[in-house]
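Spelled out, the chains give:
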Amino acid sequence: MIRYIGNKGWEKYPSSTIQECISYLSDLELISLDTETQGFEPHTKKLLLLQIGDKETQFVINCLEVDIYPLKNVLESKLILIHNAKFDWRFLYHNGIDIKNIYDTFLGEVILHTGYNTSEPDKDFYIDTSLKGVTKKYCDVELDKSVRGDIHKGLTEEVIEYSANDIVYLEDIRKAQLIEINKWDLGKVIDLENKVVRVFALMEYTGISFAKSKINEVIDELNIIYLDLIKKLDSIIVEETNSRKELRKYTRVQYDAFQEVRDTIINWSSSKQKVKILNICGIDVNSVADKILQENKSKHKLIPLFIEYSKFSKLRNSFGEALLDFVNPITGKIHASIWQILVTGRISMSKPNLQQIPSHSALGRKIKSCFTSREGYKLVSADYSGMELRIIAELSQDPLWVNAFKEDKDLHSILCVETFGIPLDKVKDPFPPKPDISYRFLQKTLNFGLSYGMSKFKFSDTAQIAVNEADRIIKRFFSKVPLVDKFLTMLGKTGVKFGYIRTDLHYKRIRFFPQLDKDNFKTIGEVERASKNSIPQGINANTTKQALIDLQDIIDKNNYPVFILLTIHDEIVTECREDFVDTWRPILEDTMIKAAQVVIKTIPVKVDSVISDYWTD
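Rules and cut-offs
- Residues numbered from 1 in each chain as written.
- Predicted model: local features only at pLDDT ≥ 70, side-chain atom pairs only at ≥ 80, totals over all residues.
- Heavy atoms only, no water.
- Helix = DSSP H or I, 4+ residues; strand = E, 2+ residues; numbered from the N terminus.
- Contact = heavy atoms within 4.5 Å.
- Pairing = 2+ DSSP bridges.
- Axes fitted to C-alpha atoms, helices over the stretch in contact; angles between N-to-C directions.
- Buried < 20%, exposed > 50% of the residue type's maximum accessible area, 1.4 Å probe, protein only.
- Core = buried A, V, L, I, M, F, W, Y, C linked by side-chain atoms within 4.5 Å.
- Salt bridge = Lys/Arg side-chain N within 4 Å of Asp/Glu carboxyl O.

K.L.:
For this particular structure, what's the right way to read the side chain of Q552?
P.N.:
Looking at where Q552 falls in the secondary structure, it is placed in helix α21 (residues 521-558). Every residue in contact with Q552, bar those within four places of it in the chain, is listed here: R198, V199, L202 and I564.

Pasting the structure below:
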């Protein structure tokens, strides 16, 4: 039964009141909930309808006419079933309702199919995680979405029925999902994700302050780098005209957008032109996709610059003036969007993707400095140190790795001595085949790359050495850490044997490999590499999410003047009232360490923190 709460009555649906709604909900153990809104952002768009109830009775509340705040107590004290809770939570929170106990049927479906394609219906191994998809799968009901969006034209009986139907089947979907979740022993993962979704929603809602005045410095630096790359590319073309006459048609002086004189008329952002230039230079390619460029990197000096130009263009387009487009006109902050579960359990960000800001570089630091604390507050950031390598040490128990961490030594330097047979004081010396990098840097590449299944061919390209020499170095490396070799080999074989792999024995998150074909050598190799990658990244993701849950719980219970703003890979960024930072900093560090110790029990966990007026490394 659908019951409508608003000023106007509808012939088809009985009118009701908020108090009648509260009375009905109070007797329920589970409350199903959904919303209809003006848009995607609660600071600038309104909540139009709130649908709550169960499979028997659905209350559709006109939020433009009725105050929903009286529902606060009942909604905050019950288990709420929502599909894609992060969206609805932010709008409810904006209206004074903070739902803490959530079961998200969208997250449930993603957890059950992590590793499958959940975003591109026209591609292989697609799983439909939409409400329409899971309703059809578990309830064999085809939800009618034909009136979606019609609410913006005005409220009708069809819109009311459409909205109410979005909550009718949530209980049955949850019940069916839990059978599968219990079958796969994923109870701790669904619990983790259902708790952390509120933290992510609050992070999106809170946002982070942005200093518009600082962005001009970033834009200027980006433009300088951009012009320098253009000049380098142009100079190579001019040089090549001595032997390739076909290039002369491109060498005409012109002014660019910055009124700088250029020696060519080539648009280096044009993939078509770049392919043509490479063909003229004797490189037979039909694309300048990164994979193609990487494969041909050593064949012409233009190609490494193309790779650099492509990476830089993405950076310039994302973190120059474009950042201003994401500043909310009401809050003055940037509210990045979070995708909660990637294939390893990690998150991704968009609008903007703050994870793509270069770390530990001058330009990256300048971009980060635009993200600031509010007046009277400081940013307190904490970062797990060498987390994924500590995970490998914990699970492999290789003596060399374990002792390096227990004795608080630099793992990369210790392994560098063993791999390359050089004294400790020489590890920062240039690597002869590629003098712009050090032995230690190359060792660091090995430590992370081999942990993720890097091939001898990839290492050969990185180090600019012959493949057989790369193979020799890799074998020597693994001879020094045989238990790491055994552990990683075991992970690869496990993924191939079962067609999935679990992150750890505590959370037991699963990544499935639907592409696996045991008769296909290529897919076997892909699964082996992905299996090695999934464990350190997956455990790291679980750990960081647990830390976020624990930190928010501490903030809520103690009413601390602290807000969690961001999580970037291994880092958690909080905003703390200035007079509380000395109290909060050790709480932040200690909570993160304890979250990691759920899985990492024998290796010391290290967290580095910093207090600043702006986001910094």
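K.L.:
I tried to follow the sheet that holds strand β14 (residues 377-384) on my own but got confused; where do I start?
P.N.:
Either a parallel or an antiparallel arrangement is found when strands of a sheet pair, and the pairing is made through backbone hydrogen bonds. Taken together, four strands build an open sheet; the order of strands is β19-β20-β14-β21 and the sheet is antiparallel. Whereas interior strands pair on both sides, the edge strands pair on one side only; in this sheet they are β19 (562-568) and β21 (607-612). If you compare each strand with its neighbour and ignore which way they point, the axes differ by 20° on average. As paired elements, β19 and strand β20 (residues 571-577) share six bridges and run antiparallel to each other. Within β20, the residue paired with L566 across the bridge is V573. Packed onto the sheet, helix α22 (residues 581-596) meets β14, β19, β20 and β21 and runs at close to 25° relative to β14.

K.L.:
What should I look at first to understand the pairing of β20 in this one?
P.N.:
The side chains of a regular strand alternate, residue by residue, between the two faces of the sheet. Most of β20 is tucked away, with six of its seven residues classed as buried. One ladder, built from seven bridges, connects β14 with β20; its direction is antiparallel. Each bridged residue has a counterpart across the sheet, and for L379 the counterpart in β20 is E575. Once β19 ends, the chain turns through two residues before running back antiparallel as β20, passing H569 with a positive phi of about 55°.

K.L.:
Could you clarify how one ought to interpret unusual backbone geometry in this entry?
P.N.:
Trans is the common state for peptide bonds, and a negative phi is the common state for residues other than glycine. Between K351 and P352 the backbone carries a cis peptide bond, its omega angle lying at 0°. Looking at the element boundaries, P352 is found in the loop between β12 (348-350) and α13 (362-368).

K.L.:
Got a minute to help me understand the nonpolar core in this structure?
P.N.:
The nonpolar side chains of soluble globular proteins are, as a tendency, buried together. Residues I52 and L71 are the most contacted members of the largest nonpolar core, which totals 185 residues. Considering every element that reaches this core, the biggest residue donor is helix α9 (residues 212-240), with 11 residues. Here L71 is in contact with I18, C21, I22, L25, L50, I52, I61 and I97, once residues within four sequence places are set aside. Counting 11 residues, the second largest nonpolar core, distinct from the first, contains Y4, W10, V159 and I160.

K.L.:
What should I look at first to understand the pattern of salt bridges in this one?
P.N.:
Proximity of charged atoms lets side chains of opposite charge pair with each other. Tallying each qualifying case throughout the model produces 35 salt bridges. Between E221 and K366 there is a salt bridge; the shortest N-O distance is 2.8 Å. Taken as a pair, E221 in helix α9 and K366 in helix α13 lie far apart in primary sequence, 145 residues in all. Here K366 falls in the partly exposed class, since its relative accessible area comes to 27%.

K.L.:
When you look at the sheet that holds strand β6 (residues 102-104) in this model, what are you seeing that I'm missing?
P.N.:
Across the sheet, six strands lie side by side as β1-β4-β3-β2-β5-β6; this open sheet has mixed pairing. Here the strands that pair on one side only, and so sit at the sheet edges, are β1 (2-5) and β6. Neighbouring strand axes in the sheet, compared pairwise and without regard to direction, differ in orientation by 25° on average. Relative to strand β4 (residues 58-62), strand β3 (residues 47-53) runs antiparallel, the two being bridged by five bridges. Across the sheet, G53 pairs through a bridge with Q58, a residue of β4. Where helix α4 (residues 105-112) meets the sheet, its contacts fall on β5 (79-82) and β6, and the angle it forms with β6 comes to roughly 55°.

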